[in-house]
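Single-letter residue listing:
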Amino acid sequence: MLSPKHLHKMLVQLGMAVKRPAQVTRIAASEVRMRLGLPTLRSVEFQVTHGCNLDCPFCYAADIMKAPNRKGNMSLEKVRSVFRECYDLGMIHVNITGGEPLLRKDIYDVVDSVPKSVVVSLVTNSSLLSKQVIDDLKAAGLSTLQMSYGSNYTDFDRELARYCVQSGISVTLSIVNVIEEREFNQKAMDMAIEDGFNVLYNYP
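Parameters at a glance
- Residues numbered from 1 in each chain as written.
- Predicted model: local features only at pLDDT ≥ 70, side-chain atom pairs only at ≥ 80, totals over all residues.
- Heavy atoms only, no water.
- Axes fitted to C-alpha atoms, helices over the stretch in contact; angles between N-to-C directions.
- Helix = DSSP H or I, 4+ residues; strand = E, 2+ residues; numbered from the N terminus.
- Left-handed = near helix turned anticlockwise from the far one by under 90°.
- Contact = heavy atoms within 4.5 Å.
- Nonpolar A, V, L, I, M, F, W, Y, C, P; charged D, E, K, R; others polar.
- Phe/Tyr/Trp six-rings, centres within 6.5 Å; stacked < 30°, edge-to-face > 60°.
- Buried < 20%, exposed > 50% of the residue type's maximum accessible area, 1.4 Å probe, protein only.
- Patch = residues over 30% accessible without salt bridge, like charges linked within 9 Å, V, L, I, M, F, W, Y side chains within 5 Å.
- Areas by Shrake-Rupley, 256 points an atom, 1.4 Å probe, with all protein chains shown as cover.
- Salt bridge = Lys/Arg side-chain N within 4 Å of Asp/Glu carboxyl O.
- Core = buried A, V, L, I, M, F, W, Y, C linked by side-chain atoms within 4.5 Å.

Observations concerning the packing of helix H7 (residues 158-167) against helix H8 (residues 182-195)
Line of reasoning, step 1. Closest axis-to-axis distance for the H7/H8 pair is 12 Å, and the angle between their directions is 40 degrees. Of the two elements, H7 crosses H8, and the hand of that crossing is right-handed. From H7, Arg-158, Arg-162 and Val-165 reach across to H8, where they touch Met-191, Glu-194 and Asp-195.
Line of reasoning, step 2. Here the residues of the contact of H7 with H8 sort into two nonpolar, no polar and four charged.

Structure, rendered in structure tokens:
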């Protein structure tokens, strides 16, 4: 049985992510399987490129992106194949990351290749965002945009973040929990309250 605290957390997360009835059905079925002790895949972190147009000191993927033997981008057909396998294993959510995913020319096809009953989020440094990009991501099936925020992200545009929310894409501000970022972290919390964003704390 769910505790009131757990139920509240689950409803908040559903409100952030779910954009289609089919997603509710799939998530509910996954929850039942999990509570019955049946093995099921839930969430997938999927790095679609090692490339990035920034060089941030707190980057969680810096060791991968700067590796001398790093591989090229996975082909779109291989991405689709992996998504199909993950879907068959029960995937209810995929987080598309990089590097900077928007550097991929086929990023809309990548997002569109995820089955529509799966929640799709995407992590970006915001430097390549525009209203057109947001519209195209929404059309491809994006549910949530995770926008990096802090002293390194001078391209962050609050109006674009608001436009996401108005368009039906949830926004999560991704911040780093270090003392040097304290002022920006407070601003992120203030924006979240005022504009209906979410905040994700990362540890370096």
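Once the structure has been displayed, the description carries forward.
Topic: the packing of aromatic side chains
Line of reasoning, step 1. Scanning all chains against the criterion turns up three aromatic pairs.
Line of reasoning, step 2. Between Phe-46 and Phe-83, the aromatic rings sit 5.0 Å apart at their centres with planes inclined by 45 degrees, giving tilted as the arrangement. Of the two residues, Phe-46 is situated in strand S1 (residues 43-47) and Phe-83 in helix H4 (residues 76-88); the sequence distance between them amounts to 37 residues.
Line of reasoning, step 3. Using a relative accessible area of 8% as the deciding quantity, one classes Phe-46 as buried.

Some thoughts on a nonpolar patch on the surface
Line of reasoning, step 1. Together, Val-32, Leu-36 and Leu-38 make up an exposed nonpolar region whose accessible area comes to about 280 Å².
Line of reasoning, step 2. Topologically, Leu-36 is positioned in the loop between helix H2 (21-35) and S1.

Concerning the nonpolar core
Line of reasoning, step 1. With 41 residues, the main nonpolar core has Val-94, Ile-96, Leu-122 and Leu-145 as its most contacted residues.
Line of reasoning, step 2. A per-element tally of this core places H4 first, with five residues.
Line of reasoning, step 3. Those residues in contact with Val-94, other than ones at most four positions away along the chain, are Val-44, Phe-46, Phe-83, Val-114, Val-118, Val-119, Val-120 and Ser-121.
Line of reasoning, step 4. One finds Ala-17, Ile-27, Ile-92 and Val-119 within the second-largest nonpolar core, a separate group that totals five residues.

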